[in-house]
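Observations on chain architecture
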Amino acid sequence: MDPGTQPGAGTDPGTGGGAGASTGAGADPGTQPGTGTDPGTQPGTGTDPGTDGSTGTSAGAGAGTRLSSPLVLTLVLLLAVLAQAPIRGALGTPVMQSWTTVFVAVTVQALPFLVLGVLLSAAIAVFVPPAFFARALPSRPALAVPVAGLAGAMLPGCECASVPVAGALVRRGVTPAAALAFLLSAPAINPIVLTATAVAFPNNPEMVVARFAASLLVACAMGWLWQRLGRADWLRPPAHGAHEGETKAETFWNSVRHDTMHAGGFLVVGAMAAATLKAVAPAEWLRTAAGNPFLAVLALAVLAVVLSICSEADAFVAASLTDFSPTAKLVFLVVGPMIDLKLFAMQAGTFGRGFALRFAPATFALAVTGALVTGAVLL
């Protein structure tokens, strides 16, 4: 009846979890490193708060060291202050002065149109229900496509706003061909974009007409092409809207914040790229690309896809590329609002990756072709 001769018994709480594994070496309780009398030998158990506490402390420390936006901004400003002497010297060079001039000019010219377009787009998202467009379109798809393309003028915003609206149209029963025509035309033919184009090309009013005509032509052609060749399983309708379940005030400010962050960020990137191209790229490269009509068109078409500039600001970037022909600039203005990197990502997220992989190349080819044909006639 000596309790020390009963290894693994219930009287030994320290061996609770491992009692079944203890087979009997237990006459000497001191030889049981897992017994309850020696809690220090049980690393990782609940009776060792030091172990658990250190784990929690490590997790907390890991969470506390995550970089936040204010911290990143503070670090950048601190580095700028510490390196102000070399930064001041670099900005004083002729190349950087030219870069800064172009960057500031493009940004300041485009920013008012960007803000106005974002505010108007948010107001439409709040006060104009998507069902309005479904009721306004003809029932025949062949007629609904050009009507939807023209209706794009009612959405004063950039391409970031047209994707969720097109998704809502499909969800509300609008034929996909008409919704896609609206998706392509809205960022290019709305009043804000056309006004910005007129300001960017004050001596070339025909550029505004050419942009309107080419964009509407390509949008309708893509709608009819989808109506003819598109398959239902290629397009995945969105399950819900981007702002459903929110109040009008929340919808408005969420739309403003979303479009401002996306469009504003791409505007800055586009302005930086345009300034870099203008100030850093060798003049021989620009002359070579601009001097070859085929190479000029291809270069600006690819540049429009890569830069992903907001349609309310791309006219100012195009106007700064003075070495290129008006037709090449028109290709840049038509391609950009219809297919670029951010649009591809948004379309894949809204309608499915299979849709985006088929829709994007066809849109690119038709946009370049439509801009070339329109430019040959009007420019």
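Let me sum up the structure you'll find in this document.

1. Structural notes on the overall build of the protein
Counting its regular elements, the protein contains 17 helices and zero strands. Expressed as a percentage of its 379 residues, the buried residues of the protein come to 40%. The contacts of the protein with a sequence gap of at least 6 include a subset with a gap of at least 24, amounting to 77%. As displayed, the protein has an accessible area near 19,000 Å², and 70% of this comes from carbon and sulfur atoms.

2. A closer look at the packing of aromatic side chains
To describe a pair of aromatic rings, one takes the distance between the centres and the angle between the planes. The full count for this structure, using the stated rule, is six aromatic pairs. Summarising the aromatic geometry, the rings of W99 and F103 are spaced 5.2 Å apart at their centres and angled 10° between planes, so their arrangement reads as stacked. Taken as a pair, W99 and F103 lie in helix α4 (residues 94-127) at a separation of four residues, close to a single helical turn. Among the aromatic residues, those joined into a ring-pair cluster are W226, W234, F351, F355 and F359.

3. Points about a nonpolar patch on the surface
A cluster of nonpolar side chains, namely V209, V373, V377, L378 and L379, defines an oily patch on the protein surface of about 420 Å² accessible area. Among the elements that make up the nonpolar patch, the one with the highest residue count is helix α17 (residues 353-378) (three residues). Mapped onto the elements of the fold, V377 is located in helix α17. Residue V377 is classed as exposed on the basis of its relative accessible area of 65%.

4. Some points on the side chain of R211
Here R211 lies in helix α10 (residues 205-229). Residue contacts for R211: discarding those within four places in its chain leaves A188, V193, T197, S311, D314, A315, L330, L333 and P337.

5. Examining helix α16 (residues 341-351)
Looking at α16, one finds that the buried residues are K342, L343, M346, Q347, A348, T350 and F351. Two or three places before L343, at the start of α16, stands the capping residue D340, its side-chain oxygen 2.7 Å from that residue's backbone nitrogen. The positive-phi residue at the C-terminal boundary of α16 is G352, with phi of around 110°.

6. Looking at the pattern of salt bridges
For the structure on display, the rule yields two salt bridges. The partner of D314 in a salt bridge is R211, and the shortest N-O contact between them spans 2.9 Å. A residue pair is termed long-range when its members are at least 10 positions apart, and D314 in helix α14 (residues 314-320) and R211 in helix α10 qualify at 103 residues. Side by side, D314 and R211 carry an identical accessibility label, which is buried. Among the ionic pairs, D233 bridges to R231, the shortest N-O distance being 2.8 Å.

7. A look at the environment of S98
Topologically, S98 is positioned in helix α4. Along the primary structure S98 and A275 are separated by 177 residues, whereas in three dimensions their C-alpha atoms are 7.8 Å apart.

Reading guide: rules and limits
- Residues numbered from 1 in each chain as written.
- Predicted model: local features only at pLDDT ≥ 70, side-chain atom pairs only at ≥ 80, totals over all residues.
- Heavy atoms only, no water.
- Helix = DSSP H or I, 4+ residues; strand = E, 2+ residues; numbered from the N terminus.
- Buried < 20%, exposed > 50% of the residue type's maximum accessible area, 1.4 Å probe, protein only.
- Contact = heavy atoms within 4.5 Å.
- Areas by Shrake-Rupley, 256 points an atom, 1.4 Å probe, with all protein chains shown as cover.
- Phe/Tyr/Trp six-rings, centres within 6.5 Å; stacked < 30°, edge-to-face > 60°.
- Patch = residues over 30% accessible without salt bridge, like charges linked within 9 Å, V, L, I, M, F, W, Y side chains within 5 Å.
- Salt bridge = Lys/Arg side-chain N within 4 Å of Asp/Glu carboxyl O.
- Polar contact = N/O pair within 3.5 Å; in protein donor to acceptor, adjacent residues only side chain to side chain.

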